[in-house]
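# Structure at a glance
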Amino acid sequence: MNENNSCKHIAIIMDGNGRWAKKRGMPRTFGHKKGAENVINITRAMKESGVKYLTLYAFSTENWKRTEDEVMALMNLLREYLDKEFKEIMENDVRLLFIGEKEMLSPDIQEKISELEEKSKNNKSLTLCVALSYGSRQEILSAVKKIARDAINGDIKIDNISMETIEQSLYTKDIPDPDILIRTSGEQRISNYLLWQLAYTELFFTNTLWPDFNKEELTDIIQQFNNRERRYGKN
Ligand code: IPE
Ligand code: IPE
Ligand code: MG
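Not measured: the values here are computed from a predicted model.

A separate point is the packing of aromatic side chains. Counted by the stated rule, this structure contains seven aromatic pairs. Ring geometry for W210 versus F213: centroids 5.7 Å apart, planes at 20 degrees, classification stacked. The pair formed by W210 and F213 is uniform in burial state, with each residue classed as buried. Through a chain of ring-to-ring contacts, three or more aromatic side chains come together here, namely Y57, Y134, Y171 and Y193. Sitting over the face of the ring of F204, R228 holds its NZ or CZ atom 4.0 Å from the ring centroid.

Right, let's get into empty space enclosed by the protein. Under the criterion given, the structure shown has one cavity of 30 Å³ or more. Looking at the largest cavity, its volume works out to about 40 Å³. Along the walls of the largest cavity sit I40, T43, R44, K47, E88, I89, N92 and V94, which together make up its complete lining. Those elements that place two or more of their residues in the lining of the largest cavity are helix 2 (28–49) and helix 3 (68–91). Tallying contributions element by element places helix 2 first for the lining of the largest cavity, with four residues.

Each value, and the rule that gives it
Positions within a chain are numbered from 1, following the residues in the order the chain's sequence is written. In the order they appear in the text, chains get letters beginning with A and ligands get numbers beginning with 1. Under the rules for a predicted model, residues below a pLDDT of 70 receive no local features and side-chain atom pairs below 80 are neither given nor counted, while totals for whole chains, interfaces and linings still include all residues. Side-chain measures here rest on the full set of heavy atoms in the structure, leaving out hydrogens and waters. What counts as a ring pair is set by centres within 6.5 Å for rings of Phe, Tyr and Trp (its six-membered ring), and what kind of pair is set by the plane angle: stacked under 30 degrees, edge-to-face over 60, tilted for all other angles. Think of it in three bands: with a 1.4 Å probe and only protein chains considered, a residue is buried below 20% of the maximum accessible area for its type, exposed above 50%, and partly exposed in between. Definition used: whenever NZ (Lys) or CZ (Arg) falls within 6 Å of the ring centre and also within 35 degrees of the ring normal, the charge is taken to sit over that ring. Cavities and pockets are found on a 1 Å grid laid over the protein atoms alone: a cavity is a set of points where a 1.4 Å probe fits but cannot escape, a pocket is an open set with protein on both sides within 12 Å along at least five of seven lines, and a lining residue has an atom within 4 Å of such a point. Grid points are joined across faces, edges and corners, and a volume is the space filled by probe spheres set on the points. Only DSSP runs of H or I reaching four residues or more are called helices, and only runs of E reaching two or more are called strands; each is numbered from the N terminus.

Set out below in structure tokens:
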């Protein structure tokens, strides 16, 4: 474990699976398979670096608009991944969390993810938070509705609504804001990811496609982060 690392939480937009496959003349789903395999490598590397929270953008609310075939392939890959990797997750003392519009997922996946959250809830080395059917504007909208309902019911006074009230109404209420955001594949946009939570996060963009992103590059980013002077970051 690296004691000089002041980074607690890394969020990643795992992008570029399709292009990775295309470069090899393979179908997009092959890239997704390779991308899923890389999740476990990077999770292990995070744990070794002493990072306590890792939030991965696995599937966005907008991704439901992809072709039916691609969505189905991604969901099947998720099922396979959760079954296959859960043992490794438990052995590595990793707590699993899922954020997003879970009600959009098929019932068997909803059941599976609550089961894994429950079984891994006492693990302490790393929290792996998977953003699945996740959209940040939708998250903020549902927080606004919840707070409005509480106000109408008299559970909170309008003048008492604070930043904390909002934070506590987001899916991420139990985890600190990210210190680092990494987006792979050369795109430099946020794509509806953690809009509230990224307010003071340090941003890193790399041209590497997600299936090729490795521990060396991760370590290099963490090192650059530790050399940057941060402003207003929440610890
Ligand atoms: C990221 O890779 C994975 C998901 C969004 C599920 P993409 O599928 O977006 O790959 P590119 O961007 O088309 O290369
Ligand atoms: C963002 O990537 C979502 C995930 C990585 C899951 P996309 O490839 O879907 O985003 P856009 O379409 O480039 O904004
Ligand atoms: Mg993409």
